[in-house]
Amino acid sequence: KPSPVSWDMSADGQPSSEAALLITVSDPEKHGTSITAAFVDYKLSTVTQLSRYAAKEFFVRRRYRDFVWLRDRLCHAFPGCVVPPLPTVDSPLKDDRFSPNFIERRQAGLQLFLRRVAGHERLRESSDLQTFLEAKVWELQTVKNATGSSWLGALFDGTQESLKSVQSLMAHKVPDEEAIERVRAFAANYATIASASASKQHAAVRTQADMASDLRQLAPALDMLSQSETELSLPLTHMAAALDRVKELHLARVQAEHVCGLSALLAFNTGMATALNEVLANRDAALLQYQKAAAALDASTKERQRWQEAEHSGAPSPRSGVLGKLDELMYDPQKGSKVEVRVKEADAELSAAKERWEAISTSIHTEVDRFHRQTNADFSRGLREHVLEQLEFEQAQQREWEQLLDIVERVETVPGTAASFRPSSS
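Residues numbered from 1 in each chain as written. Predicted model: local features only at pLDDT ≥ 70, side-chain atom pairs only at ≥ 80, totals over all residues. Heavy atoms only, no water.

Draft legend 1. Structural detail: the confidence of the model for the chain. Taken over all residues, the pLDDT of the chain has a mean of 84, while the share at 70 or more is 79%. Long-range and interchain partners of residues 11–18, a stretch whose pLDDT sits below 50, account for twelve contacts in this model, where long-range means more than four residues apart. (pLDDT = per-residue confidence, 0-100. Contact = heavy atoms within 4.5 Å.)

Written out as structure tokens, the structure is:
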């Protein structure tokens with residue numbers, strides 16, 4: 001069971017447990033033995049006061065790919081919202097994805113994702129979220145198979161490559177209003193800084209993991225040395241045992257860092273910064289769609305105008321021969337009504353595109369404000385917890401060394417003679 005993420009609070013500073021929708025991820029189970037086909041699923045327990053759910057308490061089991069589907073649906077249904085990130089597919093520690101440590105880290109990340117979604121007043125209203133939390137496995141698969149693409153899918157699929165593609169298309173657009181340009185500059189800079197910070201912290205934790213690996217090899221070496229120096233057997237044996245316990249302290253600290261510590265906070269914050277940039281890319285894509293819809297309406301309107309002018313000027317004298325036959329084949333008595341239909345469709349698409357773009361533009365400011373409040377709250381609590389955990393870690397190491405010092409101080413040496421061990425006076 002993963003340690004609770006102590007800095008996981010809602011954006012308004014209230015604990016996630018006080019939200020109208022409380023979701024807990026627990027009880028991971030591995031299914032299958034094949035390397036390619038095996039997977040782990042998790043129990044999702046939901047407690048809610050929202051009336052649209054069939055029960056107040058219920059649970060289902062979901063695997064990682066189901067979470068990926070849910071986030072994708074949320075991104076497409078709410079393009080103006082910063083959708084929380086999922087834990088990365090690959091382990092930052094490069095361990096087996098079926099190892100208890102990897103599963104513990106992923107479980108904590110999945111729970112954080114769901115709690116942040118449930119704490120968002122718009123995302124928690126998602127029908128896809130309700131399906132994800134309530135549906136039986138086969139029902140969810142049926143919904144996933146029937147899920148179609150949205151207006152955004154043709155322009156932007158959430159990948160870094162399509163984000164760059166949209167940004168390239170928008171490179172020559174008219175500059176945004178000053179407030180949006182400030183948000184854009186902040187988001188780009190913040191994502192870079194957050195990613196660099198997460199990378200440096202990971203390197204520091206990796207060093208700690210390497211220290212544990214070195215201690216794992218040193219302890220047995222001292223054990224073997226104790227067998228050669230019989231007079232020092234007891235202190236060397238104690239030192240080997242102490243180093244083994246210090247190694248375990250380092251390993252526990254490394255794991256805690258990636259489950260609920262500063263490393264987890266920085267990784268999540270980096271994902272949130274990326275999600276904020278995705279919203280800006282969604283706005284760019286919506287504006288591009290709006291511009292294309294406006295061009296399509298303009299083209300359809302001009303086509304209608306040409307047809308009307310041709311109708312009012314009267315039909316030209318019929319041509320004879322092959323050209324006359326060609327005119328007969330190309331004549332469409334329904335052309336006027338077809339042109340009108342195209343104009344109406346283009347006008348409807350323009351209205352829809354304009355509404356999408358304005359909705360995203362309006363929500364961006366709310367989402368940025370939420371992003372700042374949430375980030376400040378997370379780091380305010382997270383940094384304090386990190387300092388306290390480091391103090392506890394250092395104190396635990398100090399206790400080990402103090403106990404060992406009591407042992408080694410009883411080793412007596414006389415020049416020219418072998419060392420001897422003086423028993424404790426107590």
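Read on for the rest.
Draft legend 2. Quick look at the packing of helix α6 (residues 178–228) against helix α7 (residues 233–260). Contact pair α6 / α7: the axes reach a minimum separation of 8 Å and the direction vectors enclose 160 degrees. Here α7 runs roughly antiparallel to α6, going by the angle between their axes. Remark: the crossing between α6 and α7 carries left-handed chirality. Each residue belonging to the contact of α6 with α7 can be placed in one class, and the counts come to 16 nonpolar, eight polar and six charged. (Axes fitted to C-alpha atoms, helices over the stretch in contact; angles between N-to-C directions. Helix = DSSP H or I, 4+ residues; strand = E, 2+ residues; numbered from the N terminus. Parallel < 35°, antiparallel > 145°, perpendicular 65-115°, else oblique. Left-handed = near helix turned anticlockwise from the far one by under 90°. Nonpolar A, V, L, I, M, F, W, Y, C, P; charged D, E, K, R; others polar.)

Draft legend 3. Expanded view of the packing of helix α1 (residues 64–77) against helix α2 (residues 100–118). Where α1 contacts α2, the axes come no closer than 12 Å and their chain directions differ by 30 degrees. Between α1 and α2, the angle falls in the class roughly parallel. As for how α1 packs across α2, the hand of that crossing is left-handed. Between α1, through Y64, F67, L70, R71 and L74, and α2, the contact on the second element is made entirely by R106, L110, F113, L114 and V117.

Draft legend 4. Structural view of the side chain of D41. Along the chain, the position of D41 falls in strand β2 (residues 39–48). Among the polar contacts listed, one links the side chain of D41 to the side chain of H31, at a separation of 3.0 Å. Setting aside residues no more than four positions away along its own chain, D41 makes contact with D27, P28, E29, H31, R61, R62 and R63. (Polar contact = N/O pair within 3.5 Å; in protein donor to acceptor, adjacent residues only side chain to side chain.)

Draft legend 5. Just the sheet that holds β2, in detail. The three strands lie next to each other as β1-β2-β3, forming an open sheet whose pairing is antiparallel. The sheet is open, and its two edges are formed by β1 (21–31) and β3 (57–63), each paired on a single side. With strand direction ignored, the average angle separating the axes of adjacent strands in the sheet is 20 degrees. Examined bridge by bridge, β2 and β3 share seven bridges and lie antiparallel to one another. In the sheet register, V47 faces β3, and the bridge partner there is E57. (Pairing = 2+ DSSP bridges.)

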